[in-house]
Every structure is written in C-alpha cells, then in structure tokens.
Amino acid sequence: MQHDADYLKITIDLANESRARGNHPFGALLVGPDGDVLLTSGNTYAADRGVGHAEANVARAASRKYEPEFLERCVLYTSVEPCCMCAGAAYWAGIGALVYGLTEKRLAVLTGDNPENLTLDLSCHQVFAAGRRHVDVRGPFPDLEEQIVASHKDFW
C-alpha cells in the first residue's frame, strides 16, 4: 500500500495538469479503504470559476457514487489544505479522513491579493472541529512543500 506522501505526489501531478489546462494549480483524489485511487480531479476554474475547487469536485462526485458508510473509511488527499468550502464539502460527503500537503496560510503568501484566489484565514482544522463527527486530518508535509510551491510559481 502507498503512503500519504505517495498519494500527495499524485495530487501535485494533478495540480500541474490542471494548470496546463488553464485552471488553478490544485489537485485532489479519493483513496478507498483498500488503497485504490477511486476519484481524481484538478481545479476547474475555467468552467466553474470560484467554486471549481479540486477537493469540492472530488467530494461531490464521491457523494453521488458512494454511500456515507463507505466514505467514512476513505481518505481525501489534496495538494493544498482545503478552504472552508472544500472542508465543508468533504464533511458533508461523509469522507472520514483528509490529508493535505501545503497549508492554507502558506498558499495565502503565494496568491497574495489575486482576485481569483482570495484565501480565507480559516483552517480546515477549525471547520472540522465545528462539526458533529470526527474527520481525521493529517498535514502539512514539509518535505513536499517545494514541489507544491513550484506548481504555483509565476501563476498568481
């Protein structure tokens, strides 16, 4: 079975592919209880504007395809800590765990005042702590920061 860092590297590839298609450089995937990658998505800003976040795309697709009892045993991996919208989507889909590479605070440094990504200063930890069910959160992964930041270089 792969480890968290292995799946996060796939999200970095998805982020780079997303950027190459004219979208924002973010990627996410859902891993099932047996370690299989079940769903993937990049950001879809070109079509969906501000709500086309990779994590929300995966959470929405997962909630359509799988039952909450199954999703409770799944992990959502994302290159960057999910915003409050995406954390909420993962929570409401019933996904049991989330792993992210780079913090939202570090992303805010990269994006600055870019109107396409005015990050909210609200950690996914705070969003999940406000919920009535536990979501296991792991991240950030400092060993991958340089690779994740490279996806955003000269973008914002």
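Residues numbered from 1 in each chain as written. Predicted model: local features only at pLDDT ≥ 70, side-chain atom pairs only at ≥ 80, totals over all residues. Heavy atoms only, no water.

Turning our attention to unusual backbone geometry. Most peptide bonds are trans, and most residues other than glycine sit at a negative phi. Residues Gly 139 and Pro 140 are joined by a peptide bond in cis, for which omega reads 5°. Here Pro 140 shows up in the loop between β5 (136–138) and α8 (145–152). Non-glycine residue Arg 49 carries a positive phi angle of around 55°. With respect to the element layout, Arg 49 can be found in the loop between α2 (45–48) and α3 (54–65). With phi around 60°, Asp 154 is a residue other than glycine that occupies positive phi space. Along the chain, Asp 154 falls in the segment after α8. Using a relative accessible area of 69% as the deciding quantity, one classes Asp 154 as exposed. (Helix = DSSP H or I, 4+ residues; strand = E, 2+ residues; numbered from the N terminus. Buried < 20%, exposed > 50% of the residue type's maximum accessible area, 1.4 Å probe, protein only.)

Let's shift gears to helix α6 (residues 104–111). Taken together, the buried positions of α6 are occupied by Glu 104, Leu 107 and Thr 111. Looking straight down α6, one finds its buried side chains confined to an arc of 50°; they lie on one side. Every exposed residue of α6 that faces more than 90 degrees away from the buried side is listed here: Lys 105 and Val 109. Buried residues in α6 make contact with β3 (75–80), β4 (97–102) and α8. Following α6 by one or two positions, Gly 112 adopts a phi angle in the positive range, close to 55°. (Arc of directions from axis to C-beta. Contact = heavy atoms within 4.5 Å.)

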